[in-house]
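Architecture at a glance
One letter stands for each residue in the lines below.
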Amino acid sequence: MPLVDIPGSKSLTARALFLAAAADGVTTLRRPLRSDDTEGFAEGLVRLGYRVGRTPDAWQVDGRPQGPAVREADVYCRDGATTARFLPTLVAAGHGTYRFDASPQMRRRPLLPLTRALRDLGVDLRHEEAEGHHPLTVEAAGVEGGDVTLDAGQSSQYLTALLLLGPLTRTGLRVTVTDLVSAPYVEITLAMMRAFGVEVGREGDTYVVPPGGYRATTYAIEPDASTASYFFAAAAVTPGAEVTVPGLGEGALQGDLGFVDVLRRMGAQVTVGADRTTVRGTGELRGLTVNMRDVSDTMPTLAAIAPYASGPVRIEDVANTRVKECDRLEACASNLRRLGVDVATGPDWIEIRPGAAPEGAEITTYGDHRIVMSFAVTGLRTPGISFDDPGCVRKTFPGFHEAFAELRKDIVG
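First things first, this report covers the structure right here in the doc. Computed from a predicted structure; not experimentally measured.

Considering the overall build of the protein chain
- Counting its secondary structure elements, the protein chain contains 13 helices and 23 strands.
- The C-alpha atoms of the protein chain give a radius of gyration of 21 Å, which matches the 22 Å a tight globule of 413 residues would have.
- Each principal axis of the C-alpha distribution contributes one length, and for the protein chain these read about 60 × 40 × 40 Å.
- A burial count over the protein chain gives 60% of its 413 residues as buried.
- Summarising the internal contacts of the protein chain: among those between residues at least 6 apart in sequence, 72% fall at separations of at least 24.
- Accessible surface for the protein chain amounts to roughly 14,600 Å². Of this, 46% is attributable to carbon and sulfur atoms.
- Distance between charge centroids for the protein chain: 1 Å, based on 43 positive and 52 negative side chains.

Points about the sheet that holds strand β17 (residues 276-280)
- One open sheet accounts for 3 strands, arranged β15-β17-β16; its pairing is antiparallel. Two strands bound the open sheet, and with one partner strand each, they are β15 (242-246) and β16 (269-272). Here the average twist between neighbouring strands, direction ignored, is 10°.
- Here β15 pairs with β17 via 5 bridges, running antiparallel. The residue bridging Val243 from the neighbouring strand is Val279, located in β17.
- Sheet strands touched by helix α9 (residues 259-266): β16 and β17. Its angle to β16, the strand with the most contacts, is close to 145°.

Section: the environment of Val52
- Tracing the chain through its elements places Val52 in strand β3 (residues 52-54).
- With relative accessibility at 14%, the residue Val52 sits in the buried group.
- Measuring from C-alpha to C-alpha, the distance between Val52 and Glu199 comes to 26 Å, with 147 residues separating the pair along the chain.

With respect to the pairing of β17
- Direction of pairing for β16 relative to β17: antiparallel, over a ladder of 4 bridges. Pairing of Gln269 across the sheet is with Arg280, part of β17.

Describing unusual backbone geometry
- For the bond from His134 to Pro135, the omega torsion is 5°, close enough to zero to count as cis.
- With respect to the helices, strands and loops of the structure, Pro135 is situated in the loop between β7 (124-127) and β8 (136-141).
- For Arg31, which is not glycine, the phi dihedral falls at a positive 50°.
- Along the polypeptide, Arg31 turns up in the loop between β2 (26-30) and α2 (36-47).
- Its identity is not glycine, yet Asp317 carries a phi of approximately 65°, on the positive side.

Observations concerning the pattern of salt bridges
- With the rule as written, the count across this model stands at 36 salt bridges.
- The salt bridge involving Arg280 is made with Glu242; its shortest N-O contact spans 3.7 Å. Residue Arg280 is located in strand β17, and its partner Glu242 is located in strand β15; the two are separated by 38 residues in the primary sequence.
- Residue Lys324 pairs with Asp297 through a salt bridge whose shortest N-O separation is 3.4 Å. Here Asp297 lies in the loop between β18 (288-291) and α10 (299-305) and Lys324 lies in the loop between β19 (313-316) and α11 (328-338), a separation of 27 residues in the sequence.
- According to the relative accessible area criterion, Asp297 is buried, its value standing at 11%.
- Several salt bridges converge on common partners, so that one network encompasses Lys10, Asp37, Arg109, Asp297, Lys324, Glu325, Arg328, Asp368 and Lys395.

A closer look at the pairing of β2
- For β2 and strand β4 (residues 58-62), the ladder comprises 5 bridges, and the chain directions are antiparallel. Residue pairing across strands places Arg30 opposite Ala58, the latter belonging to β4.
- In terms of strand pairing, β2 meets strand β14 (residues 218-220) through 3 bridges, oriented parallel. Across the sheet, the residue bridging to Thr28 is Thr218, located in β14.

Looking at the nonpolar core
- In this structure, Leu159 and Tyr214 are the most contacted members of the largest nonpolar core, which totals 74 residues.
- Residue contributions to this core peak at 9 residues, all from helix α1 (residues 10-22).
- Non-local contacts of Leu159, meaning those with residues more than four positions away in its chain, are made with Leu150, Ala152, Val175, Val177, Leu180, Val186 and Tyr207.
- With 69 residues, the next largest nonpolar core counts Ala233, Leu288, Cys326 and Ile363 among its residues.

Re the packing of aromatic side chains
- What the rule picks out here adds up to 9 aromatic pairs.
- Relative to Tyr219, the ring of Phe196 has its centre 6.0 Å away and its plane inclined at 35°; by these criteria the two rings are tilted. Pair noted here: Phe196 is in the loop between α7 (183-195) and β11 (201-203) and Tyr219 is in strand β14, with a separation of 23 residues, a long-range link. Residue Phe196 shares its accessibility class with Tyr219, and that shared class is buried.
- Arranged with centres 5.9 Å apart and planes meeting at 75°, the rings of Phe397 and Phe400 form a pair that is edge-to-face.
- Looking at Phe397, the relative accessible area reads 7%, which means it is buried.
- Members of the aromatic cluster, connected to one another through ring pairs, are Tyr230, Phe231, Phe397, Phe400 and Phe404.
- Here Arg314 stacks its cationic end above the ring of Trp349, 4.1 Å away from the centre of that ring.

Thresholds applied
Residues numbered from 1 in each chain as written. Predicted model: local features only at pLDDT ≥ 70, side-chain atom pairs only at ≥ 80, totals over all residues. Heavy atoms only, no water. Helix = DSSP H or I, 4+ residues; strand = E, 2+ residues; numbered from the N terminus. Rg over C-alpha atoms; globule rule 2.2 N^0.38 Å. Buried < 20%, exposed > 50% of the residue type's maximum accessible area, 1.4 Å probe, protein only. Contact = heavy atoms within 4.5 Å. Areas by Shrake-Rupley, 256 points an atom, 1.4 Å probe, with all protein chains shown as cover. Lys, Arg positive; Asp, Glu negative; His and termini not counted. Charge placed at Lys NZ, Arg CZ, Asp CG, Glu CD. Pairing = 2+ DSSP bridges. Axes fitted to C-alpha atoms, helices over the stretch in contact; angles between N-to-C directions. Salt bridge = Lys/Arg side-chain N within 4 Å of Asp/Glu carboxyl O. Core = buried A, V, L, I, M, F, W, Y, C linked by side-chain atoms within 4.5 Å. Phe/Tyr/Trp six-rings, centres within 6.5 Å; stacked < 30°, edge-to-face > 60°. Lys NZ or Arg CZ within 6 Å of the ring centre and 35° of its normal.

Following this line, the structure appears as structure tokens:
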């Protein structure tokens, strides 16, 4: 039975880096994810004057509750959405002039709801080119706090950024949310803030964040549940195969572990233990209709195995997947069609209708790591699948292809 060692969670590593930088004291992060996104985040902190010590298994961050150590900095956020959204929010609590830019891919991704909320809180933030997009400059002078309204219907990261900022404001924050996607990611944020000494209150749709700052701690990063989805799907689509991921079990913070419930509904055998999860392929993969609003990062994983189901697979309420690294909904649809699969799409849904066996083809990745990792699972059942940019997995899992090749040997032979 293959035990798959999944790298640390990208979501947890990014939040932990923000919290560690903001906390009073030295924080040790155990088993952080080392990937292009998280290295970019750590590098951004270094540019801002934070001390980040990195060894293979742990990172140490000297927190600065008062904000960046330098009064001026240029930060390049690479492709990282958490870097591009969290760091401008972090520096707002400091004092100085901070300019942020990002890759062409990240420049296309939206930022405006967060920008508006920060401006409503008195932050001097200017977009240099397109409104609501990078590049931008923050003239930071601390944040008083108060009440703010936020639309988080495009990304829960907007809400996470404001919640993380709350304890660094002088009077605390009350954030009222009018719409929210990927809600489990906000629960991750609240749990991690608790680990750093801050308890966030709730009054209906309003989050109440007290002032007072964070306490440094030692924090262990759990394996990435979104990344685990490809290995779980590999088991589900391969009769008799079994995959166990240690470190992700009943107490896991990440909502994306809920993807195994979808696999269970389709016919896979799923066992969630205290500290591990196992998926076994039964040879049955039923069609279904599923709402994936809360686990939308795993939508491409499901789309990639849908051609092997016994009936149509319809994925609903995933409009926000259109504003990720690429328009993931259309990317999945066009690649599946390239394999000869019948697909229909709407504004927020995709339906895959299994028919004849898919045929091999080159997958257009659009530079999106999740498209590559998802269609690698398709390749377990359909020979001849290749990628125009296989290397873009470095964003979250530089060793993916090697790890997946090992798994293929174990479960396919």
